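# Descriptive structure summary
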Amino acid sequence: MDNGQTFWMPAGHSTVAGDVDALFYFIFYASLVLMALVTAAIVWFIIKYRRRGKAGLTDSRAHNTALEITWTVIPTILVFIIFAWGFKAYLRLNVVPANAMEINVTGQRWFWSFQYPEGISAVNELVVPEDKPVKLLLSSKDVIHSFYVPNFRIKMDVLPNRYTVAWFEATDTGSYNLFCTEYCGTKHSEMIGKVKVVTQGEYQKWLEAAQGPSEGQSLADYGRQLYQSRACVTCHSIDGKPGTAPSFLHIFGEQATFEDGTSLVVDENYIRESILEPRARIVKGYQPVMPTFQGMLNDVQLNALVAFIKSLAEHPPTESGDQGDANRESTTESEN
Amino acid sequence: MSTASANVIPERNYLNDPKGLKSWLLTKDHKRIGLMYLFAIMFFFLLGGIFALLIRWELLTPAVDIMEHDTYNKMFTLHGAVMIFLFIIPSIPAALGNFVLPLMLGAKDVAFPRLNLASWYVYCLGALFMIYALVTNPADTGWTFYTPYSTQTNTAVISTTLGVFILGFSSIFTGLNFIVTIHKLRAPGMTWFRMPLFAWGTYATAILQVLATPVIGITFVLLIMERLLGIGIFDPALGGDPVLYQHFFWFYSHPAVYIMILPGMAIISETVSVFSHKKIFGYKLIAFSSLGIAFVSFLVWGHHMFTSGQSELAAIMFSFLTFLVGIPSGIKVFNWLATMYRGSISLEAPMLYTLSFLILFTIGGITGIFLGALAIDIHVHDTYFVVAHFHYVMMGGTVMAFLAGIHYWWPKIWGRMYNEFWAKIACALIFIGFNMTFFTQFIMGTQGMPRRYFTYLEQYQPMHGFSSIGAFVIGAGFVIMAVYLIAAIFKGRPAGNNPWGSLSFEWLTSSPPPHGNFDEEPVLEHGPYDYDTIEVVATK
Amino acid sequence: MHDVADGHPSFLQHHFFEPEQQAEAAKLGTWLFLLTEILLFGGLFCAYAVYRAWYPDMFYEAHLQLNVVLGATNTVVLITSSVTMALAIRAVQMNKSKQAIWLLVATLAFACTFLVIKYFEYSHKFHLGQLPGKYYSFTGLEGNNPHVFFSVYFLMTGLHGFHVLGGMGLITWMIVKVSKGKLSGEYYTPIEMTGLYWHLVDMIWIFLFPLLYLIG
């Protein structure tokens, strides 16, 4: 996807990538030489000393101090060089520059969320300015995850009981993969986000826009955007296919049945409750796996999501439709 | 020396004397117990292999090919747990080692034959727990059972880890038995430095088995208690620390890597000398490097945790020690190469597997250097690079050595030869298929493909596809091997006492050996590698 | 495989050359086994150290809930049982079977006393709700995660208790062996090994007692 991709290392887009790659290629070429020597020796020996006829008696030398010292000392020196080099680059990977901006990263099955100091939060897409050190304060809400951006050569486990730290300074604009690399369950392989590196100017604009819908955008369209960016899409489809969670297609205004046997007609209040307190009612046939979005969405965003789900109803209520019904508790008790 | 046509199978040997199922199930004969272990582990190797092929089949494309997310997650857990705990760990020590070690030492049996039999039954009991988990609701945690995931998932973590806990006892029993056997039961004249290197390797392994296994035992007890009682040792929600689990786990599981590879190195030290018909080069260096590796292996567990948030200082120490453990392994490779120099090399099947080992293990070892270097490990940790690295070491290393051993001792175990032509074909298929499967994974991993992924980004598809095809090539190799090895048991031509012209003790007795190993008490007249002074002729 | 014919004594297994070799093998095997036991407990000691370092104040507060008098009594009981065990081995070596049986029975009785006292300690804690982990319901303790202390306490003493039970089984078996006349001054390896095991069980308690009951 990126230019600069080599056969081995992916394109490097952070300040530390060069260091890491240089060490990688040093070991790589040293290994290549060693492998060539070993393979050549094997081939040469089996050709030259191939048994023909009787085995007979063979050379009695089983020891050669000079040789043994040589092949102990040379690799030892080599690995110490590699150790020291790896150590040095590791320190660079670990010492956070003092002027770094700080972003909180939360890992949670199976999406990433980011909290900016400005009070903005985002899901699965981390937007950062280029040429500015970014310090990430990582924590998990459930099991262990690991934050990995191959193009930046950084990786750090995300733990449920403490903060861990990683940092990077992106050198090029673009959109880079963010993988979870600590196995975390069913959709571990889909816990993929993006790190979007933009110019400093674009970053300022993004910060402003992140507060609400852009001009001229309808609430439902903003909701659709949130549906993508807040990772609802991970579990809820909009084409009617059930996944980990019910599809949003044609649910508004329909009857929903729950695990405890009760049922109700899906309305605005129910959707709001499902987002903020997802474990309050579990739709029949599904697991209580959805995390709460309390504190991660503001009122405008909640309204937008409700509007979006409404727009997917089989018979979307007209704009002037009976809004009053929304407040009516339409619960029907079933047998038990 | 007898010629090939004169070879006969001795009328009474350990296989038919005494007869009857009961005499097998209650046997205290190390050869029979070794054979029973061999059947058990081969069954689980087949099972683990099927899981591996299903995994590779699913990964052919990023889409859902044959299974869903959760099934896949269970599948790779099963593959890892079965291959490691039920196959590789007992493979060389408990199966081949049990058979060969007392013979090599000129002993009639291991020190504690009853404990040896108990070890097999304990293994079966542990395996039953794991099979129970397998047929009910297999664990989906990965073979590492990291907390807190493993304390939260609703799959059968308890019966799986209980199975591993029980298997630990069988491993301890075997290790304890071997240490005492080597110390106390060597034949007259068999001094420490006249022992075959296989005995040295098993000795180092046994020390690890005895010292490391109890720790995984208590770790899994704590994990089980965490699930049952919520004791709060590993669960962060209850004040515990999930990283402590990782420390405990790797304190065992890193030495366990050497429990797996040291016996492999031990076999190679035998075969490379026998099939080069030459004195082993640097005997003492090889022997001591095994002990050195065993010792340092206890001090490097933290290199599995460079990204876990452990302190930088710890990471640096562990990285340094990791490089230390790499050096003796490198020395061994050079010694094996030097053994071939000016030898009289015969390229029979065991030697082909030995050469495969030399190449694949060297690649596995070198890639370990990449992983030991801190800054690179941060990038490739938990990617396919690591998957490829440990498959090169565990399969390219241990399994290749195991196969070399199987082909080397098969005539001793059964008294009959297998078909050499098909053995060569199978070896070639496995070698080629292996490199197709796993070399690709080095490239993928370096490019950032994380491990334990059910689906993946489109950009990795060509390499995943190629890797999957390779897996089926390996599978084909193993099918061929199974056929000719089993055929040899029934129809192979008699091998004679010493088909390869080897100098170590186990070839002095008949093939298959009699019940008490040697008809007369063996006396050591020469070292196991004296190919420079003793003229020995193969009976094949 | 007991070849009595060629001068093999009946207790010598066929794959050993001589009794000494067999006894030495058994001894080495037992020491290795004891080593695995130490490592098994080592994991728990390690967990203890980690959590005591994390929550030093809580550990101090929580340990006050343990009954030092009962713990100390148990320490004395176990040490005494080690003495009777050692005397029993000596009695067997000197071919005094009757004395050996009485000493073994005394050892068994001390082991029972230990477990009975432990039972009273446990049931008192169950009653108060000082249970491990999520079953912990005691409210009299402040501080961080007091249930962790009781988890560690029950795990360590529980595992030790199982070892006491195992030791009692072995001692009972030895009583049977001695009374059948299978052990004598010529062959006493089994009882000697049982003794080693029993001393280890004792030793572990000697570490557990101050670590759990006497935190300063």
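Owing to the predicted nature of the structure, the values given are computational and were not obtained by experimental measurement.

Turning our attention to the overall build of chain C. Along the backbone of chain C there are six helices and zero strands. Listing the helices and strands of chain C from first to last along the sequence gives α-α-α-α-α-α. Projecting the C-alpha coordinates of chain C onto the three principal axes gives extents of approximately 70 × 30 × 25 Å. Counting across all 216 residues of chain C, residues that qualify as buried make up 35%. For chain C, long-range pairs separated by at least 24 residues make up 72% of all intrachain contacts whose partners lie at least 6 apart in sequence.

Tallying secondary structure elements over chain B gives 15 helices and zero strands in all. A compact globule built from 540 residues would reach a C-alpha radius of gyration of about 24 Å, and chain B, at 23 Å, matches this within 12%. Taken along the three principal axes of its C-alpha coordinates, chain B extends 70 × 45 × 45 Å. Relative to its full complement of 540 residues, chain B shows a buried share of 68%.

Moving on: the pairing of strand E7 (residues 154–158) of chain A. The two faces of a sheet get side chains in turn, since along a regular strand they alternate between them. All names here are of chain A. Counting buried residues along E7, five of its five residues qualify, which places the element largely inside the surrounding structure. In E7, alternate side chains face the same way, and those of Ile 154, Met 156 and Val 158 on one face and Lys 155 and Asp 157 on the other are all buried. Across five bridges, the pairing between strand E6 (residues 145–149) and E7 is antiparallel. Looking at E7, one finds that Tyr 148 is bridged to Lys 155.

Our next topic: the arrangement of the chains. Contacts are most numerous between chains A and B, considering all two pairs of chains that are in contact. Without any contact between them, chain A and chain C keep their closest C-alpha atoms 13 Å apart.

As a further point, take unusual backbone geometry. Across the chain, the bulk of peptide bonds are trans and the bulk of non-glycine residues have phi less than zero. Residues and elements named next belong to chain B. With an omega of 0°, the peptide bond between Asp 17 and Pro 18 qualifies as cis. Structurally, Pro 18 can be placed in the segment before helix H1 (21–25). Thr 147 connects to Pro 148 through a cis peptide bond whose omega is 0°. By secondary structure assignment, the location of Pro 148 is in the loop between helix H4 (113–136) and helix H5 (149–152). Of note in the backbone geometry, His 277 takes a positive phi value of approximately 50° without being a glycine. The residue His 277 is located in the loop between helix H8 (242–276) and helix H9 (283–296) in this model. Within the chain, Arg 342 stands out as a residue other than glycine whose phi angle is a positive 60°. Looking at the element boundaries, Arg 342 is found in the loop between helix H10 (312–340) and helix H11 (349–372).

Bringing the packing of H8 of chain B against H10 of chain B into the picture now. Two quantities define a packed helix pair, namely the angle between the axes and the distance from one axis to the other. Residue and element names in this part refer to chain B. Two numbers describe how H8 lies on H10: the axes approach to 9 Å, and their chain directions differ by 15°. In terms of axis orientation, H8 runs roughly parallel to H10. Between H8 and H10 lies a crossing of right-handed hand. Residues Met 265, Ile 268, Val 272, Ser 273 and Ser 276 of H8 touch H10, and the partners they reach there are Lys 332, Trp 336, Thr 339 and Met 340. The residue makeup of the contact of H8 with H10, split by class, is five nonpolar, three polar and one charged.

Residue and element names in this part refer to chain A. A sheet is described by the order of its strands in space; here five strands give the open sequence E4-E10-E9-E6-E7, paired in mixed fashion. On the outer flanks of this sheet lie strand E4 (125–129) and E7, each paired with one strand and no other. On average, each strand axis in the sheet is inclined to that of its neighbour by 20°, with strand direction left out of account. Relative to strand E10 (residues 193–198), E4 runs parallel, the two being bridged by five bridges. The residue of E10 that forms the bridge with Val 127 is Lys 196. Of the strands in this sheet, E4 and E10 are in contact with helix H3 (residues 200–209), which crosses E4 at around 130°.

Moving on, we come to the interface of chain A and chain B. Taken together, the contacts link 70 residues of chain A with 76 residues of chain B. Contributions of two or more residues to the side of chain A that touches chain B are made by helix H1 (17–48), helix H2 (65–94), E6, E7 and strand E9 (174–180) of chain A. The residue inventory of the side of chain A that touches chain B, partitioned by class, reads 40 nonpolar, 19 polar and eleven charged.

What follows concerns the nonpolar core. Across soluble globular proteins, nonpolar side chains have a tendency to be buried as a group. Formed by 326 residues in total, the largest nonpolar core has its most connected members in Ile 179 and Ala 375 of chain B. Considering each element in turn, this core owes the most residues, 23 residues, to helix H3 (residues 69–105) of chain B. Each residue touching Ala 375 of chain B, except ones within four places of it in the same chain, is listed here: Asp 19, Val 20, Leu 23, Gly 86, Ala 89, Tyr 90 and Leu 93 of chain A.

Each partner contributes to the interface: chain B provides 29 residues, whereas chain C provides 27 residues. If you list the elements that add at least two residues to the side of chain B that touches chain C, you get helix H6 (157–184), helix H7 (197–229) and H8 of chain B. Ranked by residues supplied to the side of chain B that touches chain C, first place goes to H7 of chain B with ten residues. Residues of the side of chain B that touches chain C, tallied by class, amount to 20 nonpolar, six polar and three charged.

The strands that make up a sheet pair up through hydrogen bonds in the backbone, lying either parallel or antiparallel. Residue and element names in this part refer to chain A. Strands sit in the order E3-E2-E1-E5-E8 across an open sheet of five strands; the sheet is mixed. The open sheet has two free edges, formed respectively by strand E3 (121–123) and strand E8 (164–169), since each of these has just one partner strand. Here the strands of the sheet are splayed against their neighbours by 25° on average, with no regard to which way each runs.

Residue and element names in this part refer to chain A. Here Ser 274 is to be found in helix H5 (residues 268–276). By the C-beta count within 10 Å, which is 23 here, Ser 274 ends up buried. Considered as a pair, Ser 274 and Pro 291 are 17 residues apart in the sequence and their alpha carbons are 9.9 Å apart.

Moving on: H3 of chain B. Residues and elements named next belong to chain B. Its 37 residues give H3 an end-to-end C-alpha distance of 51 Å, which sits within 8% of 54 Å, the value for a rise of 1.5 Å per residue. At Ser 91, H3 shows its maximal bend, which comes to roughly 65°, and the proline Pro 93 appears one to four places after that position. Across the 37 residues of H3, 33 count as buried, placing the element largely inside the fold. Residue Gly 106 follows H3 closely and has a positive phi angle near 75°.

Scored by pLDDT, chain B comes out at a mean of 93, with 99% of its residues at no less than 70. This model gives residues 1–5 of chain B a pLDDT under 50, and the stretch forms six contacts once residues within four places in sequence are excluded.

Along the chain, the position of Glu 506 of chain B falls in the segment after helix H15 (461–491). Not counting the four nearest positions on each side in its chain, Glu 506 of chain B is found in contact with Val 100, Leu 103, Met 104 and Lys 412 of chain B.

The next subject is the packing of H8 of chain B against H11 of chain B. Residues and elements named next belong to chain B. Axis separation between H8 and H11 bottoms out at 9 Å; the angle between their running directions is 125°. As judged from the angle between their axes, H8 and H11 are oblique. Like other packed secondary-structure pairs, H8 and H11 cross with a definite hand, here left-handed. Contacts between H8 and H11 involve Ile 268, Thr 271, Val 272 and Phe 275 from the first element and Pro 350, Met 351, Thr 354 and Phe 357 from the second. Among the residues forming the contact of H8 with H11, the class breakdown is six nonpolar, two polar and no charged.

Rules behind the numbers
- Residues numbered from 1 in each chain as written.
- Chains lettered and ligands numbered in written order.
- Predicted model: local features only at pLDDT ≥ 70, side-chain atom pairs only at ≥ 80, totals over all residues.
- Helix = DSSP H or I, 4+ residues; strand = E, 2+ residues; numbered from the N terminus.
- Buried ≥ 20, exposed ≤ 12 C-beta atoms within 10 Å, placed from the backbone.
- Contact = placed C-beta atoms within 7 Å.
- Rg over C-alpha atoms; globule rule 2.2 N^0.38 Å.
- Pairing = 2+ DSSP bridges.
- Axes fitted to C-alpha atoms, helices over the stretch in contact; angles between N-to-C directions.
- Parallel < 35°, antiparallel > 145°, perpendicular 65-115°, else oblique.
- Left-handed = near helix turned anticlockwise from the far one by under 90°.
- Nonpolar A, V, L, I, M, F, W, Y, C, P; charged D, E, K, R; others polar.
- Core = buried A, V, L, I, M, F, W, Y, C linked by C-beta atoms within 7 Å.
- Expected span 1.5 Å × (residues − 1).
- Bend = angle between axes of the 7 residues up to and from the residue.
- pLDDT = per-residue confidence, 0-100.

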